[in-house]
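Residues per chain, in single letters:
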Amino acid sequence: MFLECIECKTQYPDSEIIYRCPRCGGLLDVIYDYSNIDISAQNLKQPPSVWKYRALLPIKGEPVSLYEGGTPLYECGRLADEVGIRKLYVKHEGLNPSGSFKDRGMTVGVSKALELGMQTVACASTGNTSASLAIYAAKAGISAVVLLPTGKVAMGKVAQALMHGARVISIKGNFDDVFQLVQELCDQEGFYLLNSVNPFRLEGQKTIGFEIVDQLNWGVSDRVVVPVGNAGNISAIHKGFVEFQKFDIIDEIPKMTGIQAEGAAPIVDAFKRGVKDIVPEPNPETIATAIRIGDPVNAPKALRAIRNSGGMAEVVSDGEIIRAQKDLAKLEGIGVEPASASSIAGLRKLVEQGIIDGDECVVCVTTGHLLKDPEEIMRVCDKPIEVEADIRAIKKVLSERISK
Ligand code: F0G
């Protein structure tokens, strides 16, 4: 196993603490000697979980685990009919230990931190990364430092980081400012950086791709739709599919389809203009605070995943996100936070535009749990109706609602 720069292809040992190529500044990939890995030696009959696929993960010893992964792949017939698609599955990552897909990356990332002898782990975050870092640092018995953009992190996520014992610092700036600062802090203080620029963290997240194949009975969907923020996850899921193709487990790679929120969509913009480099958005804004990011660090990897798989990228508005969040909740019983609903909103939009064929089989990834952002729920749903403690008052309200 070694690290390889995605731009200049220089290789580095996996024991080096680097997050980008020291020669050209490019992002790094973890590469294995695939000819030496016998995936069939793994018990592929056991239920899905991150560590089921450990032959393809970069950790040698016992991992720091809280039983992450193995999330359900729900078949969503009612929502499929509503959206106008033949077959729709939702991979609900909100059912991980801290309530988001970040746990897949952090179980690997914090395990790597221990292997490298690091005492403190750190991240900048729109919320979920910090919650996840906090739970794995707690489990590992090491310190966590998290930097958050003031006023723009959903309450549930801050609450998690606090309760699990991370040092939480709120910064007067947006995520992109905070991400610059955490990189400097890690360089100067010797903290281990666990944002998605860390290639080992993304290795954990590629297991979403492995699990989709596993749960589709070792097959694939035509397309996988993913919310995009800092752009690590879509790249990681794609890497999972590419690796399973190398092992002849699948023949084809699903079309990777990235969805960003209007107002925070530099990757969609670069994709549509057919260019390699993004133009950062200086003032990103969206109700989906998890993906309120103007300068995604993994943009080159995400554009590579989208283009190599014949996929695409689209934006959705806040209104479209809220509608999708309610549809998922009410038609399928799946509760997700706004950023997660962008995958469903994007699917609907692309079907309406005729860009996604109604005959496709699609997997949408929903990345975080509904309860992460209770304040948003209270803003977009009707308030509870308060009445006197009297059965007639209750019946009156119910009859009014029914007659409505
Ligand atoms: N969905 C949710 C719920 C997220 O929290 C994030 C990212 C994404 C989607 C986008 O994933 O960055 O890999 O493209 N949240 C990060 C955080 C930035 O700090 O929690 P991505």
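Above this text sits the structure in question.
Residues numbered from 1 in each chain as written. Predicted model: local features only at pLDDT ≥ 70, side-chain atom pairs only at ≥ 80, totals over all residues. Heavy atoms only, no water.

(A) Seen up close, the nonpolar core. Residues Leu 88, Val 121, Leu 133, Phe 241, Phe 244, Ile 267 and Leu 347 are the most contacted members of the largest nonpolar core, which totals 122 residues. Broken down by element, the residue count for this core peaks at 7 residues, all from helix 12 (residues 338-352). Not counting residues within four places of it along the chain, the set of residues in contact with Leu 133 comprises Met 106, Val 110, Val 121, Ala 122, Cys 123, Ala 144, Val 145, Val 146 and Leu 194. If you look at the next biggest cluster of nonpolar residues, it comprises 5 residues, including Trp 51, Leu 57, Ile 59 and Val 108. (Core = buried A, V, L, I, M, F, W, Y, C linked by side-chain atoms within 4.5 Å. Buried < 20%, exposed > 50% of the residue type's maximum accessible area, 1.4 Å probe, protein only. Helix = DSSP H or I, 4+ residues; strand = E, 2+ residues; numbered from the N terminus. Contact = heavy atoms within 4.5 Å.)

(B) The arrangement of the site of the ligand in detail. Looking at the ligand, there are 20 residues lining it, with Ser 125, Gly 229, Asn 230, Ala 231 and Thr 367 nearest. At 2.8 Å from an oxygen atom of the ligand is found a main-chain nitrogen or oxygen belonging to Asn 233. Computed on the free molecule, the ligand has an accessible area of 480 Å², of which 99% lies beneath the protein chains in the complex. Here the ligand is seated within the largest cavity. Breaking the shell around the ligand down by element, the ones donating at least two residues are helix 3 (128-140) and helix 8 (232-246). When its residues are assigned to classes, the shell around the ligand shows 7 nonpolar, 11 polar and 2 charged. (Near = heavy atom within 4 Å. Polar contact = N/O pair within 3.5 Å; in protein donor to acceptor, adjacent residues only side chain to side chain. Areas by Shrake-Rupley, 256 points an atom, 1.4 Å probe, with all protein chains shown as cover. 1 Å grid on protein atoms, 1.4 Å probe; cavity = no way out; pocket = protein on both sides within 12 Å on 5 of 7 lines; lining within 4 Å. Sits in = over half its atoms within 2 Å of the grid points. Nonpolar A, V, L, I, M, F, W, Y, C, P; charged D, E, K, R; others polar.)

(C) Representation of the packing of aromatic side chains within the structure. Enumeration over the complete set of coordinates arrives at 8 aromatic pairs. Grouping aromatic residues by their ring pairs yields a cluster made of Tyr 53, Phe 210, Trp 218 and Phe 244. Lying across the ring of Phe 200, Lys 112 places its NZ or CZ 4.5 Å from the centre. Note that Lys 246 overlies the ring of Tyr 34, its terminal NZ or CZ placed 5.2 Å from the centroid. (Phe/Tyr/Trp six-rings, centres within 6.5 Å; stacked < 30°, edge-to-face > 60°. Lys NZ or Arg CZ within 6 Å of the ring centre and 35° of its normal.)

(D) Region of interest: the sheet that holds strand 2 (residues 11-13). One open sheet accounts for 3 strands, arranged 2-1-3; its pairing is antiparallel. The open sheet has two edge strands, strand 2 and strand 3 (28-31), and neither has a second partner. Across the sheet, the axes of successive neighbouring strands diverge by a mean angle of 35 degrees, strand direction being ignored. In terms of strand pairing, strand 1 (residues 2-5) meets strand 3 through 4 bridges, oriented antiparallel. Counterpart to Cys 5 in the pairing with strand 3 is Leu 28. (Pairing = 2+ DSSP bridges. Axes fitted to C-alpha atoms, helices over the stretch in contact; angles between N-to-C directions.)

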